[in-house]
Amino acid sequence: MSKIVTPAIERQMKINKRRPVGYIASPFKEAWRRLARNKTAVAGLIVIAIFIIVAIIAPWITKYDPTAQDYSCTLQPPSAEHIFGTDNYGRDIFSRIVYGARVSLPIGLLCAICSLVTGGVIGIVAAYFGGLFEDIIMRLCDIIQAIPPMLLAIAVLAALGNGIDKMIIANTIALIPLYARISRAAIYTVKENDYIEAGRAIGAGNLRLMFKHMLPNALGPIIVTTTFGVAGCILVVSSLSYLGLGITAPTPEWGSMLSNAREFLTSAPYYIIIPGVMIMITVFAINLFGDGLRDALDPRLK
Amino acid sequence: MIRFVIRRILWLIPVLLGVITIVFILTAITPGDPVSMLVGENASEETRQEVRAELGLDKPLVYRYGKYIVDIVTKGSIGVSYKTKKPVWDEIMLRFPNTIKLALLSLAVAILVGVPLGVLAGVKQYSVIDNACIIASLIFCSMPEFWLGLMLILAFAVNLGWVPAFGIRSWLGWILPVATLGLRAAANIARISRSSMLDVVRQDYIRTARAKGQKESVVMLKHGLRNALIPIITNVGSQLGSLLGGAVTIETVFSISGIGKYMLDGLSGRDYPVMQGGVLILAFVFSIINLLVDIAYAFVDPRIKAKYKSHGISKAERKKLLASFAKEG
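The present account deals with the structure reproduced in this document. All chains use their own residue numbering, which begins from 1 and follows the written sequence. Throughout, the order in which chains and ligands are written sets their labels, letters from A for the former and numbers from 1 for the latter. A pLDDT threshold of at least 70 governs which residues receive local features in this predicted model, and a stricter bar of 80 or more applies before side-chain atom pairs are shown or counted, although totals over entire chains, interfaces and linings include all residues. Hydrogens and waters are ignored; side-chain quantities use all the structure's heavy atoms.

It is worth spelling out the packing of helix H6 (residues 131-145) of chain A against helix H8 (residues 164-191) of chain A at this point. All names here are of chain A. Axes, fitted as lines to C-alpha atoms, cover a helix only where it is in contact. Angles between the N-to-C directions of the axes lie from 0 to 180 degrees. Numbering goes from the N terminus for both helices and strands, where a helix is a DSSP run of H or I of at least four residues and a strand is a run of E of at least two. Relative to each other, H6 and H8 sit at 140 degrees, their axes nearing to 9 Å. Between H6 and H8, the crossing angle belongs to the class labelled oblique. In terms of crossing hand, the pair formed by H6 and H8 is left-handed. Where H6 approaches H8, its residues Glu134, Met138, Cys141, Asp142, Ile144 and Gln145 are matched on the opposing element by Ile173, Pro177, Leu178, Ala180, Arg181, Arg184 and Tyr188. For the contact of H6 with H8, the class distribution of residues is eight nonpolar, one polar and four charged. Angular relationships are summarised with four words: roughly parallel below 35 degrees, roughly antiparallel beyond 145, roughly perpendicular across 65 to 115, and oblique for the angles in between. What makes a crossing left-handed is the near helix being turned counterclockwise from the far one by less than a right angle; a clockwise turn instead makes it right-handed. Every residue pair with non-hydrogen atoms within 4.5 Å of one another is taken to be in contact. Gly is placed with the polar residues, together with every amino acid not listed as nonpolar (Ala, Val, Leu, Ile, Met, Phe, Trp, Tyr, Cys and Pro) or charged (Asp, Glu, Lys and Arg).

Listed below in structure tokens is the structure:
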């Protein structure tokens, strides 16, 4: 039997040059390959990686303790000694930025992950069981979403008090409805597929159907939202700590550094510019990566 | 269609009740005693009790919750500030115009800048305009908005001295806060407009319109933009929500006397009614906006209209029909 080669197969064969004929990459490998071809997304990823590495090796690349005060050199502009200058307590801004990455990055990530896990599970379970349960969950989401997220986070933080853990809880509560909605919508797109019916026919339980059969197939939009979620959380956390909520001095966090720098807007502009630029670069890189991820995971844009 | 609108309006009631409940629970678990904030830590136990009774804080939470709701329904009152002893409603209404002016002006800037740029970028995909638009909008999306505000102050108020850095004594003072919120929202709207336009230009009806020899400008504006508007409208609605939230920080940055600043001040003084009232009013405004967006959406999207029409016959008609069936046996 001769093999019929259609243009589509030919294209596939070209892509899989060194792979056996008929090989079709798994959707995630395929997506990863498309992502790796996207230059801006890779650039974003590299920047994120640099920031993470800097945060990890912080003690080895900084000369000064981020909380050590030195009143002999306060508010010094950037120089060879202090490359980002010093703040009003004489603390080295570069050290504070580097150590701040150890606070700001994990908080953003944890906020997104916590809201993803709680909101995601709620959304998946709601979509799977449907009926009254789903209605109640979605109506509750409506209620929470009637309060602008920033306000809700402020109110929750006020109720819980300050602290990094409370900051994460506040952001998580404000974001749960969003993730519940997105994962519910994503599950709806795969719920009616034949393989779910097949899974049920061979006696798979509810949990197995939900998390083994439905979730992996609905993961695309959820991952993309989470990536943008990390970026959004970093911004919200910085705004909250600028308002003096959540993270308090002397923790070196980028948002609270800005809050402190506010007074010295005219006398030490570099102090307010640098932490903001750091936030911007981080969030920019995450957004670039997220954009690439969305393009790579969206089957319509192949 | 009418049924849809009425249902959405009625749905506001349980939503607002829910919001009141959430806010009440939050203030109930808030640490810190408002009485100590008012009379000081060293006040005698007697004065404490007096103040407590005066504020109604000696009653159980459930009673206060019930009273709060009853007061809203019967007197239209959302409480009295612990500190100033003035009705929160009046205080908020004094500041509300500033907040809403800030949000609406910013939204106007955002739409006027964001939609044309996004649509242009979508129509000319991969062009210089497109790339510039993507990068600019990404940069603005990636800044904390209060920081953008501070940078604008640094550039235009401190260094150039064109506009005042704080306050809104003249219209010049509005420029920076509106630019801050507006540019960020414009960046979001431009992103959505672009991707929505990209979706639309690949559709068959665009090809059809081109095939019949229609002018490109007409194809894009009449066939393209009109269909791309649906997601844009939804996004504009949600932008207004985040503008209201963002107004809280921006009011603080520019010292504008608005609801956000009032609430934050109330928060630091443990003035619960101020906090509750502020969240409630903003949630109410936000819900009304979402309602309007939903209705606008239903008018623009024929699918939703059809959903509420294709159930076809009204109840009265069905009754008539059933009656006629019954008559015929």
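Next up on the list: the pattern of salt bridges. Should a side-chain nitrogen of Lys or Arg be within 4 Å of a carboxyl oxygen of Asp or Glu, the pair is scored as a salt bridge. Under the counting rule described, the total for this entry stands at 15 salt bridges over all chains. Between A:Arg91 and A:Asp87 there is a salt bridge, and its shortest N-O distance comes to 2.9 Å. Between B:Arg210 and B:Glu216 there is a salt bridge, and its shortest N-O distance comes to 2.9 Å. The buried label applies to any residue whose accessible area, calculated with a 1.4 Å probe on protein chains only, is under 20% of its type's maximum; exposed applies above 50%, and partly exposed to all values in between. Look at B:Glu216 and you get partly exposed, because its relative accessible area is 39%.

Next up on the list: the interface of chain B and chain A. On the side of chain A, 41 residues touch chain B, which itself brings 45 residues to the contact. Between chain B and chain A, a total of about 3600 Å² is buried, with carbon and sulfur atoms accounting for 79% of that surface. In this description, buried area is defined as the sum, over both parts, of the accessible area (probe of 1.4 Å) that is lost when the two are combined. It is B:Ser142, B:Phe146 and B:Trp147 in chain B that bury the most area against chain A; as a group they hold 15% of the surface buried on that side. Viewed at the interface, chain A and chain B are joined by one salt bridge. Across the pair A:Asp291 and B:Arg191 runs a salt bridge whose closest N-O atoms are separated by 3.4 Å. Polar contact criterion, stated in full: a pair of N or O atoms within 3.5 Å, where within protein one must be able to donate a hydrogen and the other to accept it, and residues adjacent in sequence count only if both atoms are side-chain atoms. On the surface where chain B and chain A come into contact, there are six residue pairs in polar contact (both at pLDDT 80 or more). When contributions to the side of chain B that touches chain A are tallied by element, the ones reaching two or more residues are helix H1 (2-29), helix H6 (128-141), helix H7 (145-159), helix H8 (172-201), helix H10 (216-253), helix H11 (259-268) and helix H12 (272-300) of chain B.

Nonpolar side chains (Val, Leu, Ile, Met, Phe, Trp, Tyr) within 5 Å and like charges within 9 Å form the patches, drawn only from residues with over 30% relative accessible area and no salt bridge. For every accessible area listed, the method is Shrake-Rupley and the probe measures 1.4 Å; residues are considered covered only by the protein chains on display. Here the positive residues are Lys and Arg and the negative ones are Asp and Glu; neither His nor the chain ends is included. A charged residue contributes its charge at one atom only: NZ of Lys, CZ of Arg, CG of Asp or CD of Glu. A cluster of acidic residues, B:Glu45, B:Glu46, B:Glu50 and B:Glu54, forms a negative patch at the surface. Note on placement: B:Glu50 falls in helix H3 (residues 45-55).

Now for the packing of aromatic side chains. All names here are of chain A. Geometry of aromatic contacts follows a simple scheme: Phe, Tyr and Trp rings, the Trp one being its six-membered ring, pair when their centres are within 6.5 Å, and the pair is stacked under 30 degrees between planes, edge-to-face over 60, tilted otherwise. Under the definition given, this model contains eight aromatic pairs over all chains. Centre to centre, the rings of Phe51 and Trp254 are 6.1 Å apart; their planes meet at 70 degrees, and the pair counts as edge-to-face. Residue Phe51 is found in helix H3 (residues 39-56), and its partner Trp254 is found in helix H12 (residues 254-261); the two are separated by 203 residues along the sequence. In this pair, the class of Phe51 matches that of Trp254, namely buried. Ring centres of Phe84 and Phe94 lie 5.5 Å apart, and the angle between their planes is 75 degrees; on these two criteria the pair is classed as edge-to-face.

The next subject is H3(B). Residue and element names in this part refer to chain B. Listing the buried residues of H3 in full gives Arg48, Val51 and Leu55. Viewed end-on, H3 has its buried residues packed into an arc of 70 degrees, placing them on one side of the element. Opposite the buried face of H3, at more than 90 degrees from it, the exposed residues are Glu45, Glu46, Glu50 and Glu54. Positive phi shows up at Gly56, right after H3, with a value of about 80 degrees. Within this analysis, the arc is defined by the directions that extend from the helix axis to the C-beta atoms.

By themselves, these are just geometric observations and shouldn't be taken as functional.
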